[in-house]
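Architecture at a glance
Now for the letters of each chain:
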Amino acid sequence: MSNGPHAKLAELGLTLPEVTSPLASYVPAVQSGQHVYVSGQLPIAEGKLLATGKVGNGVSADQAKDLAQRCALNALAAIDSLVGLENVVKIVKLTGFVASAPGFTGQPGVVNGASELFGAVFGEAGRHARSAVGVAELPLDAPVEVEVIVEVS
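Below you will find a few notes about this structure. Because the structure is predicted, anything quoted here is derived from the model rather than measured.

1. Side note on the side chain of Ser39
Mapping Ser39 onto the fold places it in strand S2 (residues 35–41). Classification of Ser39 as buried rests on a relative accessible area of 19%. Engagement of the side chain of Ser39 in a polar contact is seen with the backbone oxygen of Val27, the distance being 2.6 Å. Once residues lying within four places of it in the same chain are set aside, the contact partners of Ser39 are Tyr26, Val27, Pro28, Val146 and Glu147.

Below, the structure written as structure tokens:
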């Protein structure tokens with residue numbers, strides 16, 4: 001069995017979804033030189049947002065962590081459709097946005113859902129710089145959004 005990213009996803013019991021259609025005038029991912037910039041990904045599956053609301057009020061931190069993993073999986077689908085996951089050299093930067101209820105300060109734990117997926121799929125190459133930001137609102141009232149920059153060969 002291969003040790004490539006698709007094999008790692010299969011070992012985790014995950015498959016890449018269809019690329020989520022943009023909500024406005026942008027593309028899911030764009031390559032510039034040796035980097036792919038992935039637009040913000042919401043926790044969408046089969047065309048539907050998996051949850052709405054604020055983390056810390058209606059959406060638990062554990063649920064939000066799972067939603068962040070889904071955002072990361074959607075980002076991987078966008079990367080795969082553009083350049084192929086096998087061409088990823090390094091996950092460079094992850095930015096996670098968490099729609100946070102007043103007083104919620106667990107954004108880093110939520111965004112770990114995405115970080116841990118990248119680590120599981122790419123190993124050392126999945127370790128990255130990161131920001132985990134609490135925000136008042138996200139598109140469609142999503143609890144989490146993730147954007148990624150990757151280096152490719």
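2. Section: the sheet that holds strand S8 (residues 129–135)
Strand order in the open sheet made by the five strands is S1-S2-S9-S7-S8, with mixed pairing throughout. Both edges of this open sheet fall to strand S1 (29–32) and S8, since each of them pairs with a single strand only. The mean inter-strand angle of the sheet, taken between neighbouring strand axes irrespective of direction, is 15°. One ladder, built from nine bridges, connects strand S7 (residues 88–99) with strand S9 (residues 144–152); its direction is antiparallel. Note on S9: the bridge partner recorded for Lys93 is Ile149. Along the sheet face, helix H2 (residues 61–82) touches S1, S2, S7 and S9 and points at about 40° away from the line of S9. Its contacts with the sheet put helix H3 (residues 107–122) on S7, S8 and S9, and the angle it makes with S7 is roughly 160°.

3. So, the pattern of salt bridges
Enumeration over the complete set of coordinates arrives at four salt bridges. Counted as one network, the salt bridges with shared partners bring together Lys54, Glu137 and Asp141.

Thresholds applied
- Residues numbered from 1 in each chain as written.
- Predicted model: local features only at pLDDT ≥ 70, side-chain atom pairs only at ≥ 80, totals over all residues.
- Heavy atoms only, no water.
- Helix = DSSP H or I, 4+ residues; strand = E, 2+ residues; numbered from the N terminus.
- Buried < 20%, exposed > 50% of the residue type's maximum accessible area, 1.4 Å probe, protein only.
- Polar contact = N/O pair within 3.5 Å; in protein donor to acceptor, adjacent residues only side chain to side chain.
- Contact = heavy atoms within 4.5 Å.
- Pairing = 2+ DSSP bridges.
- Axes fitted to C-alpha atoms, helices over the stretch in contact; angles between N-to-C directions.
- Salt bridge = Lys/Arg side-chain N within 4 Å of Asp/Glu carboxyl O.

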